[in-house]
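This is what each chain is made of:
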Amino acid sequence: MTAAPLTIAVTGLNATDNPGPGVGVIRALRAHPDFQGRIVGLAYDSLDPGIYAHDLVDDVFLMPYPSQGLAAFSTRLAEVHGRVPFDVVIPTLDAEIPTFIDLEPQLRTLGIGSFLPSQELFDLRSKAHLAHLGEIANINTPATRVIADPNDLRQLEGKLEYPFWVKGAYYGATEVHDVHEAIAAYHQMVAKWGVPVIAQAGVDGDEIDVVAVGDGEGGMVGAVPMRKRLLTDKGKGWAGIAIRDPEIEELSRRYFAATKWRGPCEIEMMRSQSGELHLLEINPRFPAWCYLSAGAGMNLPWAVAQLAAGRDVAPMHEYEVGKMFVRISLDQIVSLSDFESIAATGELHRCTPGDAS
Amino acid sequence: MTKPLYERPTLVRHQMGMMNKFGRAQAMQPLESIDGVSVDELVKTYGSPLFVFSEADLVARYRELHDLLALRYRKIRIAWSYKTNYLDAICKVFHREGAYAEVVSEFEYDKAMRMGIDPTHVHFNGPLKSEATLERVLPAGTVIHIDHFDEMAAAERVAERQGIRPKVAVRVNMAVESVPPWSRFGFNLESGQAMEAIRRLIAGDKLELAGVHCHLGTFITDPAAYKQAAAKLAHLANTLRSEHGVLLEFIDVGGGFASHNTLKAQYLPGEQATPSFSRYVEALTEGLSQLDCDPRDLPTLVLENGRALVDDAGYLVSTVVANKRLRDGRRGLVVDAGVNTLFTSFWYNHDVVSAQPFRGIPEPTVIYGPLCMNIDVVRDTLVFPAMSVGDRLVLKNVGAYNVTQWMQFITYRPAVVMVGRDGKHGLIRRREQLEDIVGPEEVPDWL
Amino acid sequence: MTIPQKLRDLAISETGFLFDPYTGSTFSANEPGLTVLEGLREGLGVADIATRLRESFDVPAAADVERDVGEFVHLLRRSGLVPEEFTA
């Protein structure tokens with residue numbers, strides 16, 4: 001039996017050299033054998049590359065930035081829904097998650113499903129609360145300080161050893177080696193993502209990232225851990241390999257059991273040279289490399305689309321260890337009229353092959 | 001057929017990162033009236049610029065906070081923070097609702113007394129309370145919150161001289177996870193300084209320890225910080241009871257709740273980033289659940305809010321004086337209210353809306369005040385619809401700190417009005433005139 | 001008055017989307033902006049363009065349409081869509 005086709009809206013089409021996860025999520029959705037709906041792309045800039053991926057996105061709408069406020073955002077979302085009704089939305093950018101959480105009841109009345117954590121949970125996983133999170137889930141975390149004034153960095157001497165990391169409220173992390181670098185990094189983070197800024201002790205070792213989905217009741221729907229094999233000069237993974245390690249799986253389960261996290265997330269951890277796992281960060285959305293989960297046989301974006309539509313998804317355990325992703329850059333050829341359509345009207349529509357309507 | 005409405009011909013270049021026609025301006029609704037009174041009528045009656053306060057908003061914010069607290073904790077008190085806005089009419093609205101007064105200077109104390117507030121309904125904070133002030137307020141029964149050892153000694157001298165045993169509180173500071181510590185006020189908890197101060201106070205046996213107080217900071221957008229602070233104060237209260245047999249009358253968690261403003265270094269706008277009162281209250285009362293005492297001995301929970309109660313209820317109406325095109329292509333809008341009037345524009349990206357219907361392509365716009373100074377930027381770049389000279393705009397969430405920190409600089413401070421709940425409106429502070437400013441001046445006779 | 005070649009070559013769409021084939025820059029113009037561009041391409045002066053705007057739009061009495069056209073031409077110059085020395 002096949003369920004009715006879903007029209008799925010996905011954000012984060014900024015597939016640049018520091019990519020948003022939208023394109024990965026959409027490719028995973030389309031890769032599922034049961035997929036037969038439409039994909040509505042929600043973009044924030046006329047040049048978000050995913051807009052022009054004609055074989056991935058059927059309809060594209062420009063959205064106001066979340067920083068423009070709830071009214072602007074919800075007005076536009078309702079307008080988009082009026083033009084192309086969609087059943088489910090999968091937001092993929094940190095800065096927009098609070099907005100979608102706020103709008104959840106309103107979306108529900110429009111018949112739009114989503115699968116997100118509560119605002120409390122979202123706050124709990126903020127970098128400022130990492131230590132607390134580690135405590136309740138019984139997971140090691142590196143020493144973390146909240147910085148709201150550059151002078152606080154001077155007072156870290158002796159408390160946090162250099163080099164350490166300066167991290168932004170939403171994104172960004174810079175390794176700093178002395179107080180001057182730390183202050184420079186602080187100002188960069190504030191300019192982009194505002195306060196607070198986090199200073200976090202460095203942990204030497206191998207970074208492991210897990211793409212996972214929590215069912216909201218303490219259970220884990222599925223998880224695929226990945227070890228990065230190639231990094232860009234910005235430290236972004238450009239190639240990675242799916243791994244299996246019972247300890248990592250156990251740590252991920254502990255996280256979901258302790259928090260009752262609902263929705264997708266990326267758990268970043270570090271295995272130190274002495275072998276323990278340290279929790280570095282929880283990203284409250286899919287990572288850009290989430291297509292690997294589909295490629296390895298555990299299609300987590302598809303699972304989230306089903307859960308958001310109110311359908312049951314049984315916990316998933318199997319995936320192919322050793323499956324790799326190796327990213328590629330390619331140049332899409334775009335007609336001026338597509339660009340004009342987005343820039344002048346804020347939307348772009350395509351008829352996909354086999355689309356009967 | 002009717003012709004389309006004219007707007008100035010304009011052209012916007014598509015730039016990287018700015019190619020999005022769906023900004024805030026498209027969703028902006030003009031604010032043509034405040035609580036049913038037209039902005040136009042208000043300006044015609046009282047002039048421009050003009051501060052407008054909504055009595056309904058003031059009352060609604062207070063009752064929301066009060067009722068949420070009352071649902072979760074049996075003994076509660078809100079002390080209205082005078083420094084955020086001490087105009088009589090504003091204070092009166094809160095006192096009428098049952099608020100105590102929280103003052104931080106003798107001037108504010110005088111203001112509260114002048115309004116007929118019971119001196120025992122005043123919490124007196126701040127690092128400066130002179131011995132002369134203490135001579136006056138302690139016998140009257142006002143509770144002072146002791147900030148440092150020198151003040152404790154002064155209070156003890158006064159108590160001895162007056163032959164009284166005044167009630168006092170001790171202010172403590174502490175570390176919580178997500179807020180940088182404000183260690184300059186009160187006694188530090190983690191280092192043991194706070195316990196030392198309390199032991200000294202008890203040993204001195206001249207002052208009655210009625211409460212402990214902590215004010216974490218300002219514009220705190222993380223409710224979890226209050227849970228931690230309340231839990232730490234609860235543990236302190238438990239220790240005082242078990243080790244010294246002291247039953248506290250109150251635990252004061254200070255203020256610091258954010259209003260719906262947007263700090264300059266904040267990504268999400270205040271309307272989204274600011275937690276609701278219910279989230280703050282839930283956090284506070286969860287922290288207080290650590291209190292270990294007979295329900296009959298529960299200390300009163302005291303809050304000292306100001307900004308979160310008054311900010312959203314204040315509006316500043318301003319009139320467009322000129323339009324100009326800046327060298328970098330942005331539009332400059334000159335209005336008649338500057339940073340001298342709207343002091344908080346140094347901290348916030350204030351929400352600005354048009355006071356009349358508008359149309360056309362909104363453009364990146366900077367709003368300048370009328371001062372002949374480069375710093376006079378009321379609102380840095382925002383995407384804003386076209387405005388004509390004489391049009392009005394309304395800056396929102398300006399109720400806190402402006403009518404206390406505004407500066408009388410090269411002009412008169414504007415009128416402040418209140419709109420009542422049934423369409424009534426009236427002055428609560430008239431526009432200044434020359435005599436208000438030159439009145440205190442003297443010219444020495446040798447000139 | 002000569003009409004600059006750049007202005008003739010500017011691609012103008014009825015959506016208000018402009019494409020400058022010389023530089024690759026794109027722009028959005030509002031309806032009155034398009035009216036002015038059309039007028040300039042026909043070689044009209046400021047006064048004639050202002051008249052056309054008054055005919056096509058409901059212009060409030062307080063509006064200074066001539067000044068607005070002048071400012072728009074300034075914008076065109078600054079955007080590199082007409083030469084520096086161009087005046088309408």
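Starting afresh in each chain, residues are numbered from 1 along the sequence in its written order. Naming scheme: in the order in which they are written, chains are lettered from A and ligands are numbered from 1. Restriction of local features to residues with pLDDT of at least 70 applies here, the model being predicted, together with a cutoff of 80 or more for giving and counting side-chain atom pairs; totals for whole chains, interfaces and linings are based on all residues. Hydrogens and water are ignored here; the side-chain numbers use all heavy atoms of the structure.

1. Observations concerning the domain arrangement of chain A
- Bear in mind that the domain bounds are from an automatic or database domain assignment. When cut into domains, chain A gives domain 1 (8-114 + 330-349), domain 2 (121-125 + 204-326) and domain 3 (143-201).
- Spacing between the C-alpha centres of domain 2 of chain A and domain 3 of chain A amounts to 26 Å.

2. A word on the interface of chain B and chain A
- Each partner contributes residues to the interface: chain B has 24 residues there, and chain A has 43 residues.
- A buried area of about 2,700 Å², summed over both sides, lies between chain B and chain A, and 55% of it is on carbon and sulfur atoms.
- Within this document, salt bridges are pairs made up of a side-chain nitrogen of Lys or Arg and a carboxyl oxygen of Asp or Glu, the two lying within 4 Å of each other. Where chain B meets chain A, there are two salt bridges.
- Between Asp123(A) and Arg279(B) there is a salt bridge, and its shortest N-O distance comes to 2.6 Å. Contacts: residue pairs with any heavy atoms within 4.5 Å of one another. Values labelled buried area give the accessible surface lost by two parts on being combined, using a 1.4 Å probe and summing over both.

3. Quick look at the interface of chain C and chain B
- With 31 residues of chain C in contact, the opposing surface of chain B contributes 18 residues.
- When the two sides are added together, the surface that chain C and chain B hide from each other amounts to roughly 2,100 Å², 58% of it contributed by carbon and sulfur.
- Taken together, the connections running from chain C to chain B amount to one salt bridge.
- Of the charged contacts, one joins Arg325(B) and Glu71(C) as a salt bridge, the two residues approaching to 3.9 Å between their closest N and O atoms.
- Comment: elements are numbered from the N terminus, with helices defined as DSSP H or I runs of at least four residues and strands as E runs of at least two. For the side of chain C that touches chain B, the elements supplying multiple residues, two or more each, are β2 (17-19), β3 (26-29), α2 (31-41), α3 (46-56) and α4 (65-78) of chain C.
- If you tally residues by element for the side of chain C that touches chain B, the top one is α4(C), at eight residues.
- All amino acids are sorted into three groups, where Ala, Val, Leu, Ile, Met, Phe, Trp, Tyr, Cys and Pro are nonpolar, Asp, Glu, Lys and Arg are charged, and the leftover types, Gly among them, are polar. Looking at the side of chain C that touches chain B residue by residue, the classes come out as 16 nonpolar, seven polar and eight charged.
- Sheet topology places strand β1 (residues 11-13) of chain B next to β3(C); three bridges connect them, and they run antiparallel. Bridged to Arg13(B) within β3(C) is Phe27(C). At least two bridges found by DSSP between two strands are what make those strands a pair.

4. Side note on empty space enclosed by the protein
- Cavities and pockets are defined on a 1 Å grid built over the protein atoms alone: a cavity is a set of grid points where a 1.4 Å probe fits but cannot escape, while a pocket is an open set with protein on both sides within 12 Å along at least five of seven lines, and lining residues are those with an atom within 4 Å of any such point. Grid points are joined across faces, edges and corners, and a volume is the space filled by probe spheres set on the points. Applying the stated criterion across every chain yields a total of six cavities of 30 Å³ or more.
- Roughly 100 Å³ of volume is contained in the largest cavity.
- With three residues, the single largest contributor to the lining of the largest cavity is α4(C).
- By volume, the second largest cavity amounts to about 90 Å³.
- If you go around the second largest cavity, the residues you meet are Ala237(B), Asn238(B), Arg241(B), Val246(B), Leu247(B), Leu248(B), Leu291(B), Asp292(B), Cys293(B), Asp297(B) and Pro299(B).

5. Some details on the layout of surface pockets
- Computed from the structure, the second largest pocket encloses a volume of approximately 1,500 Å³.
- Broken down by secondary-structure element, the contributors of at least two residues to the lining of the second largest pocket are α3 (97-109) and α4 (119-124) of chain A together with α10 (270-273) of chain B.
- In terms of residue class, the lining of the second largest pocket is made up of 26 nonpolar, twelve polar and ten charged.

6. Let's talk about the pattern of salt bridges
All names here are of chain B.
- Enumeration according to the criterion identifies 55 salt bridges over all chains in this entry.
- Note that Arg421 and Glu55 form a salt bridge whose closest N and O atoms lie 3.5 Å from each other. One end of the pair, Arg421, is in the loop between β20 (415-419) and β21 (425-429); the other, Glu55, is in helix α3 (residues 55-72), with 366 residues separating them in the sequence.
- The residue Arg430 makes a salt bridge to Asp436 at a minimum N-O spacing of 2.7 Å.
- Buried means the residue's accessible area, taken with a 1.4 Å probe over protein chains only, is under 20% of the maximum for its type, while exposed means over 50%, and partly exposed covers the values in between. Take Arg430: its relative accessible area is 39%, and that puts it in the partly exposed class.
- On the basis of relative accessibility, which here comes to 33%, the residue Asp436 falls in the partly exposed class.
- One salt-bridge network, in which partners are shared between bridges, spans Glu131, Glu135, Arg157 and Arg161.

7. Focus: α3(C)
Residue and element names in this part refer to chain C.
- Where α3 is concerned, the buried positions are Ile49, Ala50 and Leu53. Buried positions in α3, seen along its axis, are confined to an arc of 100 degrees and lie on one side of it.
- Considering only its buried residues, α3 is in contact with α2 and α4. Taking the helix axis as origin, the arc is that swept by the directions to the C-beta atoms.

8. Regarding a nonpolar patch on the surface
Residues and elements named next belong to chain B.
- Patch membership is restricted to residues that have no salt bridge and whose relative accessible area is over 30%. Joining uses 9 Å for like charges and 5 Å for the nonpolar side chains Val, Leu, Ile, Met, Phe, Trp and Tyr. A 1.4 Å probe and the Shrake-Rupley method give the accessible areas. Residues count as covered only by the protein chains that appear here. On the surface, a nonpolar cluster with roughly 550 Å² of combined accessible area is contributed by Phe346, Met373, Ile375, Met407, Phe409 and Ile410.
- Tracing the backbone shows Ile410 in the loop between α13 (402-405) and β20.
- For Ile410, a relative accessible area of 60% puts it in the exposed group.

9. Structural notes on the sheet that holds strand β8 (residues 197-201) of chain A
All names here are of chain A.
- The four strands are arranged β5-β8-β6-β7 in an open sheet whose pairing can be described as antiparallel. The open sheet has two edge strands, β5 (144-147) and β7 (173-176), and neither has a second partner. Along the sheet, successive strands turn relative to each other by an average axial angle of 25 degrees, direction set aside.
- As defined by bridge partners, strand β6 (residues 164-167) adjoins β7 across four bridges and the pair is classed as antiparallel. From the neighbouring strand, Val166 faces β7, where its bridge partner is Thr174.
- Fitted lines through C-alpha atoms give the axes, limited to the stretch in contact for helices. The angle between two N-to-C directions lies from 0 to 180 degrees. Helix-sheet contacts for helix α7 (residues 179-193) involve β5, β6, β7 and β8, and the interaxial angle to β7 is about 170 degrees.

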